[in-house]
Amino acid sequence: MKLFGRAFFGIGIFLVTLFVFSCASSPVRWYLKAESPWRVAVVDKTVPHANYREHGALFWVLRHEKISSPLGARDWTLDQHYVGFVPTPDNPDHRGEGHDLTKRDLANADLLFLADTYGVYEGDYLDARGAAAALDYSAKIYGGLSSEEASIVERFTDEGGGHLIAEFNTFASPTTRSARQTMERLLGLHWSGWTGRYFNELSDDNEVPAWAHREYEKQYEEEWTFDGPGFLLVREDATLFVLREVLEVARDGLTIRVRAGGVMMDGILDGVAFNYWFDVVAADGNSEVPAMFQFDLLDSGRALMERFGVPTEFPAVVVASRDPLRMYLAGDFSDAAGSLGPHWLE
């Protein structure tokens, strides 16, 4: 009886050990994975509040891939390890301070990632929700890519051979025109001036910008009465139009289509819906386009896009050069409002 009990206990220990190891296999594989030799510098100028959402997903990926900052840090703390606006939430009289990109920030970097350059505005601190971005125009506190910064990026890539990845909102206001032109050349594309975003509910005043209501009423001489899900598209001169699901947009909405043989697209799912901010850009003749944004539209939606000169399909990813890497991501991919889970899952 003692022998049977001992054997049963041994089998139980084995099963428990096997269960624990199987649950822990993902972190074990991650801890055994070699560290990356790459060092990445990150710019995020859109940090009005201490949620760091514009670089949250990016930092998760950098931790997961064991990539270091230019100074060698691999923990990628959200409130550190980036260049841009640093909020001071505990000091209401001093909202924060902006730091422009310098040559020194890139001294030990292999790659520069421009996560967001839009900036921080007075209205970001007027909303009753506390940690929400402004839904209307207001005075700029800090933001935009300057001509001097664009020149630093240009020297980093052209003379230093550094790699560059930039993301949605690299080109729009308040970035200067000369800085935009420099970045367009480096990234092998032209920004059309159009941006867009999907909204779950077009009548939600807590999501849809107040300026959209105002500009729509000015342009069309009628009230904004939209409801239900849909897309808002707006040009830099404030010209805008709306695509509503069922009426102008078909079932698939806006999806990312991966092109066969596209560079760095191995393992990337095709046809994934994209439901946030995006740019409408056109790639230069020598650039590669490994993935496209594609609208699934009804005839009425196609007519609207044609009326405003907006293509129904446009680049989601543009690769101007592979070595050094120069890539543009035409969607707000690094924005993450919530937790993405443990970065050590493999």
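Residues numbered from 1 in each chain as written. Predicted model: local features only at pLDDT ≥ 70, side-chain atom pairs only at ≥ 80, totals over all residues. Heavy atoms only, no water.

A. Molecular detail of the sheet that holds strand 11 (residues 249-258). In space, the 10 strands of this open sheet follow the order 3-2-1-4-7-16-15-14-11-12, with mixed pairing throughout. The open sheet has two edge strands, strand 3 (96-98) and strand 12 (272-273), and neither has a second partner. Of the pairings in the sheet, the one linking strand 15 (residues 313-322) to strand 16 (residues 325-329) comprises 5 bridges and is antiparallel in character. The residue bridging V318 from the neighbouring strand is Y328, located in strand 16. Of the strands in this sheet, strand 1 (40-44) and strand 4 (111-116) touch helix 2 (residues 53-64), which is tilted by about 170° from strand 1. (Pairing = 2+ DSSP bridges. Helix = DSSP H or I, 4+ residues; strand = E, 2+ residues; numbered from the N terminus. Contact = heavy atoms within 4.5 Å. Axes fitted to C-alpha atoms, helices over the stretch in contact; angles between N-to-C directions.)

B. Inspection of helix 6 (residues 299-308) at higher detail. Listed in full, the buried residues belonging to helix 6 are G301, L304, M305 and F308. Down the axis of helix 6, the buried side of the element spans an arc of 95°, and every buried residue falls inside it. For helix 6, exposure combined with an orientation more than 90 degrees from the buried face picks out D299, E306 and R307. Of the surrounding secondary structure, the elements contacted by the buried residues of helix 6 are strand 8 (189-199), helix 5 (210-220), strand 9 (230-235), strand 10 (240-244) and strand 14 (288-297). (Buried < 20%, exposed > 50% of the residue type's maximum accessible area, 1.4 Å probe, protein only. Arc of directions from axis to C-beta.)

C. The pattern of salt bridges, seen in detail. Per the counting criterion, the structure on display carries 17 salt bridges. Across the salt bridge formed by D100 and K45, the nearest N and O atoms sit 3.4 Å from each other. Linking D100 in the loop between strand 3 and strand 4 with K45 in the loop between strand 1 and helix 2, this pair joins segments that are 55 residues apart in sequence. Relative accessible area serves as the criterion here: at 1%, K45 is assigned to the buried category. R251 serves as the salt-bridge partner of D252, at 3.6 Å between the closest nitrogen and oxygen. We classify D252 as partly exposed; its relative accessible area is 42%. For R251, a relative accessible area of 79% corresponds to the exposed category. Residues joined by salt bridges that share partners form a network here, namely E154, D158, R185 and R326. (Salt bridge = Lys/Arg side-chain N within 4 Å of Asp/Glu carboxyl O.)

D. Quick peek at unusual backbone geometry. With an omega of 10°, the peptide bond running from S173 to P174 counts as cis. Position of P174 relative to the elements: it lies in the loop between strand 7 (163-167) and helix 4 (177-187). Of note, the phi angle at Y52 is positive, near 50°, even though the residue is not glycine. Note on placement: Y52 falls in the loop between strand 1 and helix 2. Among the residues examined, Y52 registers a relative accessible area of 9% and is labelled buried. With a phi close to 55°, E221 is a non-glycine residue in the positive phi region. Considering the arrangement of structural elements, one finds E221 in the loop between helix 5 and strand 9. The exposure class assigned to E221 is exposed, which follows from its relative accessible area of 73%.

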